[in-house]
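A closer look at the structure
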Amino acid sequence: MNSPLAKTAHTLTSKRGSWLVLGGVVVLVALLFGLLSGAGEDRPSETAPADSESTQAQTILDKFPEADKQSVMVVASNEDGSELSADDQAQLKKLGSSLGDSVGDESTAAVTGPILSDDKQAALLMVPITVGLTNSDTAETVDDLRTAIADDQTAQSLTGDGMSLLVTGGPAIGADIASAFNGADFTLLIVTVVIVALLLIITYRSPVLWLLPLIVIGTADGLASTVTAAVGDWLDLQFDAGIISVLVFGAGANYALLFISRYREELRRVTDHRTALAEAWTHTASTILASNLTVVLSLLSLVFAIIPGTRGLGITAAVGLLISAAAVLFALPPVLAICGKTMFWPFIPKAEATVDEELTPAEAAAATRATAPASVAKPSIWRTIATRVVRRPGLHLGAGIVILGVMATGFIGSSIGLDQTEKFRVQSESAQGLDVLADHFPPGESQPIWIVADADHADDVVDSVSDMDGVVRASAIEDTTIDGTSVTKIMVTGEFEPDSAKGLDLVEDIRSDVHAIDGANAQVGGAAATELDARDGNRTDFVTIVPMVLAISFIILLGILRAPIAAFTLLLVNVVSSAAAIGLGAFLSRTIFGQSALDAQVPILAFLFLVALGIDYSIFLAHRAKKESVFHGGRQGMVEAVAHTGGVITSAGIVLAGVFAALGMLPLMVLGQLGLIVGVGVLVDTIIVRTVIVPSIFGLVGNKMWWPNKAITHFHEHAAVGAADGDEHSTHLLAEKEFADSGSGIHHGKH
């Protein structure tokens with residue numbers, strides 16, 4: 001019968017169709033590159049929810065006159081820890097005057113200081129600068145300031161005598177984050193390409209074949225970068241392009257591995273490579289689509305996230321993954337069809353049996369299966385492992401649970417949330433400056449808490465906050481009229497590090513205090529308040545998004561397997577293994593990065609990627625297990641499924657883990673932690689969960705796992721003996737089943 005899959009496979013792989021499709025793909029890609037070139041506008045980075053108090057306060061602060069004028073600090077201290085002499089202070093004052101001339105402008109106040117610390121071991125120069133719309137814009141100004149200091153003769157004299165001069169403060173921190181990414185995305189791309197190339201070479205053992213999927217996936221990555229940039233501009237989204245690139249390469253490589261693995265399997269059954277390619281596409285397209293749909297829908301659930309960066313990543317990453325799947329399904333098959341099976345050189349698969357050339361390709365494939373025990377994989381390490389697991393499922397399940405339990409203990413001693421200095425993988429100048437500042441000044445000096453309040457009640461707010469424990473000082477800075485209301489800006493300096501637990505508690509205490517003042521309409525903002533709101537927002541997102549991801553995954557599993565017990569079991573195993581992986585990642589983060597905490601955004605993104613990608617492998621394995629179980633029973637069917645898919649799933653897992661590990665090349669700790677956790681989790685999922693835990697559970701439950709499928713639940717185990725040993729009758733039934741499923745109307749004609 002002429003099924004849609006069969007017709008599509010014919011179009012993609014026939015002599016004429018492959019060239020037409022490939023030509024169309026090239027034209028479409030070229031048009032998209034041309035139409036969308038130049039997309040990708042810089043936009044402000046917002047870490048807190050749009051409706052949070054800190055964001056509302058910042059919106060008001062931005063309406064004050066010269067709101068784009070902020071101060072950075074030059075922290076001066078002797079490297080030997082000695083006190084600053086009177087001459088040192090005089091030289092610093094001279095440096096301040098020089099810096100004011102080099103980086104200031106007519107509308108900017110003069111440099112103030114030096115402000116000497118109580119222990120006289122450090123001093124501050126407050127340098128007003130004009131901040132840009134984005135951190136990248138501000139980075140240019142901060143770089144100019146640092147260059148001015150490096151070129152200044154007074155500064156050179158001071159540093160020559162053993163004094164350090166570090167530029168820090170809020171604008172400098174943001175600038176350092178932006179500067180850290182200069183060239184980082186290109187480095188990530190190169191590292192990712194090298195990792196994928198090496199792993200594909202090892203997997204295919206061919207000096208040529210790996211180039212084809214790599215070129216297709218690389219083109220898809222470039223297109224995804226362009227399209228997501230345009231989508232970001234259209235919807236005003238924040239997102240990390242590096243993560244999208246990793247997902248496109250990782251998922252694309254996985255899809256390609258699954259497809260080419262089945263292609264190679266079919267080449268051992270039929271002589272014509274186009275027939276084999278069409279059969280492979282027919283049997284894997286639905287699996288790839290289901291796998292892709294799972295991750296895409298899971299990512300789209302992030303539309304409901306309240307953290308701007310999380311929401312933006314969900315939408316753009318979903319677009320990127322759709323492009324990745326489309327490339328593998330519609331660009332790679334024509335390329336392989338045109339190049340032929342010689343691309344497998346030097347290990348070119350050969351058909352194990354010949355068939356009547358007068359048969360159609362689909363009939364030839366089915367006939368080949370009927371004359372060879374193709375449903376039973378050749379003896380391999382995967383068959384050996386699966387057989388042993390299914391024979392003693394309780395023992396292996398217990399061992400797997402113990403391993404996951406030990407991994408989960410990594411949560412012990414971990415917390416959520418990094419302070420400013422911990423967010424860099426490699427310490428920046430601004431982070432070093434914050435450390436010096438905290439040693440000699442109230443830590444809150446670096447990033448004060450800002451309050452905006454009704455001008456008529458500003459004095460009440462200042463007096464109330466000044467009397468609070470943990471507040472060094474509070475003072476009204478400026479008044480202005482916004483939308484007909486007189487508003488006062490109040491600066492509060494705390495005695496704790498802004499992002500520390502005590503610093504965040506202070507923000508909550510201040511909010512409780514000022515909100516109780518009738519008529520003040522006070523809003524508390526600033527860096528510490530933003531961090532507090534961001535952490536609360538990430539917790540809210542986790543509670544909101546996780547149930548949605550689980551529901552989406554279960555529905556897709558149920559739709560594919562049509563076996564609620566199997567679907568629920570696989571989902572439960574994914575959740576447990578994902579939690580264990582995050583625990584292990586937290587432990588490794590302490591060991592490798594020296595961080596006792598995870599970034600606030602890591603848990604939700606790690607859980608989403610681990611569950612969604614884990615469902616990918618569940619689909620690969622369970623879809624094959626269901627087909628095999630019809631003819632071998634539930635237990636032996638799982639053995640056959642592992643024997644056939646163990647190699648490709650493990651290879652795919654290694655590729656994906658390697659690609660995510662490349663995120664460690666980026667400068668932010670959040671990306672390093674995310675790459676570490678997902679990479680380790682994927683390896684655990686493919687090596688332990690899919691190979692040991694899932695087969696052991698299916699071995700324990702047996703045929704009942706596939707309820708209500710009567711073909712499996714009513715299967716008699718003795719009937720599996722012949723099939724497991726290559727019984728011709730059972731093999732013939734499987735051949736007929738696959739022949740019917742694939743659609744016998746695939747007619748390529750003779751090639």
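Residues numbered from 1 in each chain as written. Predicted model: local features only at pLDDT ≥ 70, side-chain atom pairs only at ≥ 80, totals over all residues. Heavy atoms only, no water.

Here we come to the packing of aromatic side chains. Summed over all chains, the structure comprises six aromatic pairs. Each ring, one from Tyr263 and one from Phe344, has its centre 5.5 Å from the other, and the planes form 55°; the classification is tilted. A residue pair is termed long-range when its members are at least 10 positions apart, and Tyr263 in helix α10 (residues 241-267) and Phe344 in the loop between α13 (332-339) and α14 (361-371) qualify at 81 residues. Pair check on accessibility: Tyr263 and Phe344 agree, each one buried. Over the face of the ring belonging to Phe64 we find Lys489, whose NZ or CZ atom lies 5.2 Å from the ring centre. (Phe/Tyr/Trp six-rings, centres within 6.5 Å; stacked < 30°, edge-to-face > 60°. Helix = DSSP H or I, 4+ residues; strand = E, 2+ residues; numbered from the N terminus. Buried < 20%, exposed > 50% of the residue type's maximum accessible area, 1.4 Å probe, protein only. Lys NZ or Arg CZ within 6 Å of the ring centre and 35° of its normal.)

The strand order β2-β3-β1-β4 describes an open sheet built from four strands, whose pairing is antiparallel. Among the strands making up the open sheet, the edge pair consists of β2 (112-116) and β4 (163-168). The sheet shows a mean angle of 25° between the axes of neighbouring strands, direction not considered. Across three bridges, the pairing between β2 and strand β3 (residues 122-130) is antiparallel. Within β3, the residue paired with Leu116 across the bridge is Ala123. Each of β1 (69-78), β3 and β4 touches helix α17 (residues 429-440); the most contacted strand, β4, lies at about 110° to it. (Pairing = 2+ DSSP bridges. Axes fitted to C-alpha atoms, helices over the stretch in contact; angles between N-to-C directions. Contact = heavy atoms within 4.5 Å.)

To continue, consider a negative patch on the surface. Where like charges cluster on the molecular surface, the negative patch consists of Asp469, Glu495, Asp505, Glu508 and Asp509. Locating Asp509 in the fold gives a position in helix α19 (residues 501-515). Taking the relative accessible area as the measure of exposure, Asp509 reaches 44% and is therefore partly exposed. (Patch = residues over 30% accessible without salt bridge, like charges linked within 9 Å, V, L, I, M, F, W, Y side chains within 5 Å. Areas by Shrake-Rupley, 256 points an atom, 1.4 Å probe, with all protein chains shown as cover. Salt bridge = Lys/Arg side-chain N within 4 Å of Asp/Glu carboxyl O. Lys, Arg positive; Asp, Glu negative; His and termini not counted. Charge placed at Lys NZ, Arg CZ, Asp CG, Glu CD.)

Here we take up the environment of Val472. Mapping Val472 onto the fold places it in strand β7 (residues 471-482). Separated by 30 residues in sequence, Val472 and Pro442 have C-alpha atoms that sit 7.7 Å apart. Other than its neighbours up to four places away in sequence, Val472 contacts Pro442, Thr493, Gly494 and Glu495.

So, on to the pattern of salt bridges. Per the stated rule, a full pass over the model turns up 16 salt bridges. Notably, a salt bridge pairs Asp483 with Lys63, separated by 3.8 Å at the nearest N-O pair. Of this pair, Asp483 sits in the loop between β7 and β8 (485-494) while Lys63 sits in the loop between α3 (53-61) and β1; the two residues are 420 residues apart in sequence, bridging distant segments of the chain. When its relative accessible area of 47% is taken as the criterion, Lys63 is described as partly exposed. One salt bridge connects Glu429 with Arg146, and the closest N-O pair in it is separated by 3.3 Å. In this pair, Glu429 sits in helix α17 while Arg146 sits in helix α5 (residues 135-151), placing the two residues 283 residues apart along the sequence. Judged by its relative accessible area of 16%, Arg146 is buried. Because the salt bridges share partners, they merge into one network encompassing Arg262, Glu265, Glu266, Arg269, Arg624 and Glu628.

We now examine a nonpolar patch on the surface. A cluster of nonpolar side chains, Phe186, Ile190, Val194, Leu198 and Ile201, forms an exposed patch at the surface whose accessible area comes to about 450 Å². Within the element layout of this structure, Val194 appears in helix α8 (residues 184-204). Its relative accessible area of 43% is what places Val194 among the partly exposed residues.

Moving on, we come to α3. Burial in α3 covers these residues: Glu53, Ser54, Thr55, Ala57 and Leu61. For α3, the elements touching its buried residues are β6 (449-454), β8, α19, β9 (523-526) and α20 (527-561).

Running from amino to carboxyl end, α10 crosses helix α12 (residues 308-330) at an angle of 30°, the nearest separation of the two axes being 9 Å. As the angle between them shows, α10 and α12 are arranged roughly parallel. The interaxial crossing formed by α10 with α12 has right-handed handedness. Here Ile243, Ile244, Leu247, Val248, Ala251, Gly252, Tyr255 and Ala256 of α10 lie close against α12, whose contacting residues are Leu313, Thr316, Ala317, Gly320, Leu321, Ser324, Ala325 and Val328. A breakdown of the residues in the contact of α10 with α12 according to their chemical character gives twelve nonpolar, four polar and no charged. (Parallel < 35°, antiparallel > 145°, perpendicular 65-115°, else oblique. Left-handed = near helix turned anticlockwise from the far one by under 90°. Nonpolar A, V, L, I, M, F, W, Y, C, P; charged D, E, K, R; others polar.)

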